[in-house]
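Chain and residue survey
Chain residues, written in single-letter form:
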Amino acid sequence: MKAIQITDIHLTQSREHQLFNVNLYDNFDTICEEICRIKRVTEIDLIIVSGDITNDGDIDAYRYFFKRMDSCQTPYITIAGNHDLKNNIDTVITEIKPKYNITSGEYNDKNWFITYVDTVVKGEDYGFITQNNLAELEKRIILNKKFNTAVFMHHHTIPVGTPIVDSCMLENAADLLTLCKKHKVKFIGCGHAHTSRIWHQNDITISVAPAVSFQWLSGTDTVKTTKSFGFNIIDFSENISLTSCSY
């Protein structure tokens, strides 16, 4: 099974409104076009969107997002980030009923179970998983224990070495990592850090995908960005392989 993870799109209220001199809609369109191009040469089974779809929760931005995602004609899971407004996401889903959006947030093939956990704390940049959400995640993993499991979320679980974003990562990452090790989760995919990283801890591959919008300058503790953008292709084979595509 092959999946694409995109994250941190940060669509603004209007196409003309740029962020750090970047047109977020142009970047997102480029990524969607690349996904369609890749699908012509290899099979992509799933897309995971790991949060910060919009910069400030604008309804029209969500409408654009879901219509553009549906144009890729590939099932996708949508996860909210700290910049998103979940009520507005739900409103747009109810309104336009996107064809390919997986409302359950779960996907199975013959070997893999793909799921997510909510890390958003309302009104805060940092992430935290409530005990109820951890318990619910554990329940879903146990129910699907015959499959290999991949868990996706918005906030990153391991510092990436860039203070401006490591200061607001997942606060109780240790609880999540303990649960994942206990149940032999194979893959953890994150966003939020606006950078690309990969680690191997025991038998778990942990990855942060590059942002669709912009990257933080590596190591910065102030607002310094680069205009590169991209996404990850994940091959969920016996030996997981991951390709970061940058533009």
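Here's what I pulled together on the structure shown here.

Analysis parameters
Residues numbered from 1 in each chain as written. Predicted model: local features only at pLDDT ≥ 70, side-chain atom pairs only at ≥ 80, totals over all residues. Heavy atoms only, no water. Phe/Tyr/Trp six-rings, centres within 6.5 Å; stacked < 30°, edge-to-face > 60°. Helix = DSSP H or I, 4+ residues; strand = E, 2+ residues; numbered from the N terminus. Buried < 20%, exposed > 50% of the residue type's maximum accessible area, 1.4 Å probe, protein only. Expected span 1.5 Å × (residues − 1). Contact = heavy atoms within 4.5 Å. Pairing = 2+ DSSP bridges. Axes fitted to C-alpha atoms, helices over the stretch in contact; angles between N-to-C directions. Core = buried A, V, L, I, M, F, W, Y, C linked by side-chain atoms within 4.5 Å. Salt bridge = Lys/Arg side-chain N within 4 Å of Asp/Glu carboxyl O.

**Here's the deal with the packing of aromatic side chains**
Within the structure shown, the criterion is met by 14 aromatic pairs. Ring centres of Phe20 and Phe214 lie 4.9 Å apart, and the angle between their planes is 80°; on these two criteria the pair is classed as edge-to-face. Remark: Phe214 occurs in the loop between strand 9 (204-208) and strand 10 (215-216) and Phe20 occurs in the loop between strand 1 (2-6) and helix 1 (24-39); sequence separation between them is 194 residues. Taking relative accessible area as the criterion, Phe20 reaches 35% and is therefore assigned partly exposed.

**Details of helix 4 (residues 131-143)**
The terminal C-alpha atoms of helix 4, which comprises 13 residues, lie 18 Å apart, in line with the 18 Å expected from a rise of 1.5 Å per residue. Looking at the buried residues of helix 4, the elements they touch are strand 5 (112-116), strand 6 (148-152) and helix 6 (173-182).

**Overview of the sheet that holds strand 4 (residues 107-108)**
Here we have six strands laid out as an open sheet, ordered 4-5-6-7-9-8, and mixed in their pairing. The open sheet terminates on both sides in strands that have one partner only, identified here as strand 4 and strand 8 (197-201). Where strand 6 meets strand 7 (residues 187-190), three bridges bridge the pair, whose relative direction is parallel. Note on strand 7: the bridge partner recorded for Phe152 is Gly189. Against the sheet, helix 4 touches strand 5 and strand 6, its axis set at about 170° to strand 5.

**Things to note about the nonpolar core**
Considering soluble globular proteins, one finds that nonpolar side chains tend to be buried as a cluster. Within the largest apolar cluster, 60 residues are counted, with the highest numbers of intra-cluster contacts made by Ile6, Phe28, Ile47, Phe65, Leu176 and Ile188. By residue number, the principal contributor to this core is helix 1, which donates seven residues. Residues contacting Phe28, with those up to four places away along its chain left out, are Ile6, Ile9, Leu11, Tyr64, Phe65, Arg68, Met69 and Val212. In terms of nonpolar packing, the next biggest core, distinct from the first, is built from 15 residues, Ala3, Leu46, Trp112 and Phe187 among them.

**A word on the pattern of salt bridges**
A complete count under the given rule lists 11 salt bridges for this structure. Of the charged contacts in the structure, one is a salt bridge between Asp29 and Arg15, with a shortest N-O distance of 2.5 Å. With Asp29 in helix 1 and Arg15 in the loop between strand 1 and helix 1, this pair connects stretches of sequence that are 14 residues apart. Residue classification places Arg15 among the partly exposed positions, given a relative accessible area of 29%. Salt-bridge contacts for Glu95 lead to Arg63; the nearest nitrogen and oxygen are separated by 2.8 Å. Here Glu95, found in helix 3 (residues 86-96), pairs with Arg63, found in helix 2 (residues 59-70); they are 32 residues apart in sequence, far enough to count as distant. Three or more residues joined by partner-sharing salt bridges are found here, namely Arg15, Asp26, Asp29, Glu33 and Arg68.

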